[in-house]
Amino acid sequence: MMPDTLPHSAPEAADDKDERKLVMDVRGLSKRYKMTSAVTRTDKDGHTYKDHYYQALKDVSFKVWSGDRVGIMGHNGAGKSTLLKILSRVLNPSEGEAFIYGRATSLLEVGTGFNPKMTGRQNVYLNAALHGLTRKEIDQRLDEIVAFSEIGRFIEEPVENYSTGMRARLGFSVAAHLDPDILMLDEVLSVGDAAFQKKCLQRMDEITGHDRTLLFVSHSTGAIRRFCDRCIWIDHGAVVMDDDVMTVTEAYEAQMMNVAATYQAPEKSETAKDETKKSAKSAKPEKASVLEAEVDGPVAELVTARVLDDAGQIARSVKIDTPSAIEIVFDVLQADMRVEPALHVKNEIGDLMFVVAFTDDEYPGAINKPGRYKCCARIPSNLLNEGLHYITVVMVTADPLTRHQSVENAVSFSVYEPQGDDIARARGRYSRNFPGGLRPRFDWSTERDK
Amino acid sequence: MSTPSNQPVIHIRPQRPVGILSLTEIWNFRVLLAQMINRNIRSRILNSPISIVWGFIRPAIMALALVYIRHMSAANLGAQIPYPLFIFSGLCFWFLWAEMVIQSAGSLRLDSGISKKVYFPLILSPIAVIASRWVDIFIISAAIIAYQLYLGIPLSWDIVAMVPVVLVMFLLAFGIGVLFSALYLIHQDNSKFLETAVYLGLFLSPVLFSKEILPEVIQTYYNLNPMVGVLTGLRGALFAPEQVDWTSLGVSAIIAVGFTVVGLLLLDRMAKGYAERV
């Protein structure tokens, strides 16, 4: 589409967006990099040509209204940083154009241009001037910036005497006090110690409140969910999706990390069933102590599996502080086998975190009659850590331990952290990512012991 | 569309909407320019405190050696004032000018850490390098004047001519610096040419000798070396016996403007793909 023929205001700008101002209008931005080596390509008519260019961005268009908190996500090399650099004007686009209305600040790094020989105070002036603050504005904010940075009397010391953390804190402190209408951020939040990060995040919330607009570039769905309400997914330089933050991040995880909240057993013919059995046999169980089923035909078969949120809806992502559930439907095909399901929970990198055994009181002796069963395993709130979780569903007989079927990564989902009460979601006063597979909330009590 | 007209609008497109020559943009970034000049002065002093006096110490040492050689050879180099003063003043201004040229040519690369992260008009870098050198003019002139008064060479009202002469000197350094900063973006090897040219210039310009000793044929075209007007101008302004050659200075000014215009146009072309090149 030619940029000129684009309507001046997008159709979706109709209702509520009408009251908000258009602050960013990106029309068909493209970026090509010239390469030293060429690739031979074939066009539609079959002609071959040498391609000397790398297309980093392809016809990217979107609009941002004031108050939007837009996350831009994509994997490494998807073009999101190129886009941010173009919008920050440090790179020129090859095609297309963009309009930014209002005072925009872009932070591709913190503490840009710090001169090691100059004092912290002098560097604050230089850095703030670089981001367009006037001398008067800097004078007014200096005390606040120094206080926020927790640098103390080091502010009169040359920056070369600072620790890395102090330098980052001073840089972020300036950044946090620029108060632009539109803030564009690369993942610069990963600076400073935990307490300082926390302060920065609060400050981010403050400055991106009401009428401020945020454009946040990240490859972490967690960070995007925490800061943004809208998300633009960029892949191979083009916009894949631009929608509500949960919709886009879930779609992203589904495609990029194979997250699937439902499992449906494939329709099988008789021969196929035999093959499955064979392949199930050939695929050796992980532990030698697990015996193969010495019976004819399959004993149990998983039919469906689903991840449900606390409202009983299928969910690819669940909040860390609400309960969720794994619902599995399976067929028991032979009598007196005392079949029961078990869950193997793996984390994002495939490490087995724990195994959940079947402990339903209603079926004390487990399931020993053929038929279709539906189990629901409820996962308490505040148990799993943030991130992706892959669930392997296993159908077993306990004694002797026999694994009848194992569906690797049958379902998966991500646990994310919404904004809210830090105590309730087991975060406490720590702002960093929590290590480990679990993040349970224990019941603490404290008393003063004289 | 409800776009407030009182708010700043940034228009991003492949062609830079305003060239690098935009005075409005430089004005909009005046706070940053002031901070950059400030930074250049401070960081130079903080990095090497001796650089405050080095502007006349180095010429003094070199002058000592050259005066001795000239004394041994009894060569006539055409100076109307004592030769030590002639060569000392020449070297002082020459080295300052040469440093300005080479530093402004390298300024884009020096500031690339900033310009890859934050937008600002690229032209601010060479401007800040040149503008931060006003301090040196005062220090060097003070040293030269002290020496000339010690030798009994009087000052005259011609010293007022320092203002236009120094302006031409700065503009010339800026023009050549900007031109080469653009050429550096094409290829870094261009720095070799500049360094050699500046080194050669020391011997081709009236630093060590007066232009009066040159053959007449050469004298006619000698003004085409833009440093001739600047150096005779500087000496004429400071030393009463010497005269400012206004024709020569005029030619220098025209050449300086020429370099500046060509340099800015080339840099404007190069600025488009700047971030990819640095």
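To be clear, the structure that these remarks concern was listed above.
Residues numbered from 1 in each chain as written. Chains lettered and ligands numbered in written order. Predicted model: local features only at pLDDT ≥ 70, side-chain atom pairs only at ≥ 80, totals over all residues. Heavy atoms only, no water.

With that settled, consider the overall build of chain B. Broken down by element type, chain B carries 13 helices and one strand. Dimensions of chain B, computed from C-alpha atoms along their principal axes, come out at roughly 80 × 40 × 35 Å. Here chain B, with 278 residues, has 50% of them falling under the buried criterion. Of the roughly 13,100 Å² of accessible surface on chain B, 69% is carried by carbon and sulfur atoms. Each charge class in chain B can be summarised by its mean position, and for the 18 positive and 13 negative side chains these summaries are 11 Å apart. (Helix = DSSP H or I, 4+ residues; strand = E, 2+ residues; numbered from the N terminus. Buried < 20%, exposed > 50% of the residue type's maximum accessible area, 1.4 Å probe, protein only. Areas by Shrake-Rupley, 256 points an atom, 1.4 Å probe, with all protein chains shown as cover. Lys, Arg positive; Asp, Glu negative; His and termini not counted. Charge placed at Lys NZ, Arg CZ, Asp CG, Glu CD.)

Okay, the nonpolar core next. Counting 87 residues, the largest nonpolar core has B:F93, B:W94, B:W97, B:I144 and B:M169 as its most contacted members. Ranked by residue count, the leading element in this core is helix α4 (residues 83–110) of chain B, at 17 residues. Those residues in contact with B:M169, other than ones at most four positions away along the chain, are B:F93, B:L96, B:W97, B:I137, B:V230 and B:L234. Of all hydrophobic cores here, the second largest spans 40 residues; its members include A:Y162, A:V174, A:L183 and A:W233. (Core = buried A, V, L, I, M, F, W, Y, C linked by side-chain atoms within 4.5 Å. Contact = heavy atoms within 4.5 Å.)

Turning to the sheet that holds strand β5 (residues 104–107) of chain A, a few remarks are in order. Residues and elements named next belong to chain A. The six strands are arranged β5-β6-β7-β3-β8-β9 in an open sheet whose pairing can be described as mixed. The open sheet has two edge strands, β5 and β9 (238–244), and neither has a second partner. Looking at each pair of strands side by side, their axes are set apart by 15 degrees on average, direction ignored. Alignment of strand β8 (residues 230–235) against β9, held across six bridges, turns out to be antiparallel. (Pairing = 2+ DSSP bridges. Axes fitted to C-alpha atoms, helices over the stretch in contact; angles between N-to-C directions.)

So, about the interface of chain B and chain A. Opposite the 34 residues of chain B that make contact, chain A presents 42 residues. Interface of chain B and chain A: buried area, both sides summed, is about 3,600 Å²; carbon and sulfur atoms make up 63% of it. Taken together, chain B and chain A are joined by zero salt bridges. Counting across the interface, chain B meets chain A through four residue pairs in polar contact (both at pLDDT 80 or more). A total of nine residues in the side of chain B that touches chain A trace back to one element, the largest contributor, which is helix α2 (residues 30–47) of chain B. Here the side of chain B that touches chain A is composed, by residue class, of 16 nonpolar, nine polar and nine charged. For strand β4 (residues 95–101) of chain A and strand β1 (residues 9–12) of chain B, the ladder comprises four bridges, and the chain directions are antiparallel. Across the sheet, residue A:I100 finds its bridge partner in β1(B), namely B:I10. (Buried area = accessible area lost by both parts, 1.4 Å probe. Salt bridge = Lys/Arg side-chain N within 4 Å of Asp/Glu carboxyl O. Polar contact = N/O pair within 3.5 Å; in protein donor to acceptor, adjacent residues only side chain to side chain. Nonpolar A, V, L, I, M, F, W, Y, C, P; charged D, E, K, R; others polar.)

Glancing now at the packing of helix α11 (residues 226–238) of chain B against helix α12 (residues 246–271) of chain B. Residues and elements named next belong to chain B. As a packed pair, α11 and α12 sit with axes 7 Å apart at the nearest point and diverge in direction by 130 degrees. Here α12 runs oblique to α11, going by the angle between their axes. Considering how the two elements wind past one another, α11 and α12 form a crossing that is left-handed. Along the contact surface, α11 presents P226, V228, G229, V230 and T232, while α12 presents S248, L249, S252 and I255. When grouped by side-chain class, the residues that make up the contact of α11 with α12 number five nonpolar, four polar and no charged. (Parallel < 35°, antiparallel > 145°, perpendicular 65-115°, else oblique. Left-handed = near helix turned anticlockwise from the far one by under 90°.)

All names here are of chain A. Across the sheet, which stays open at both edges, the four strands sit in the order β10-β11-β13-β16 with antiparallel pairing between neighbours. Of all strands in the sheet, those with a lone pairing partner are β10 (262–264) and β16 (371–379), marking the two edges. Sheet twist, expressed as the average angle between the axes of neighbouring strands with direction ignored, equals 20 degrees. Sheet analysis places β10 next to strand β11 (residues 300–308), joined by three bridges and oriented antiparallel. By the bridge assignment, Y263 is partnered in β11 with A305.

What follows deals with the pairing of β11(A). All names here are of chain A. Most of β11 sits inside the fold, with eight of its nine residues counted as buried. Sheet topology places β11 next to strand β13 (residues 324–332); eight bridges connect them, and they run antiparallel. Among the inter-strand pairings, A305 is bridged to a residue of β13, identified as I328.

We now examine the environment of A:H236. Residues and elements named next belong to chain A. Take H236: it is sitting in the loop between β8 and β9. Residue H236 is classed as exposed on the basis of its relative accessible area, which comes to 57%. Distance in space between the C-alpha atoms of H236 and A78 is 4.8 Å, their sequence separation being 158 residues. If sequence neighbours within four positions are ignored, H236 has contacts with K58 and A78.

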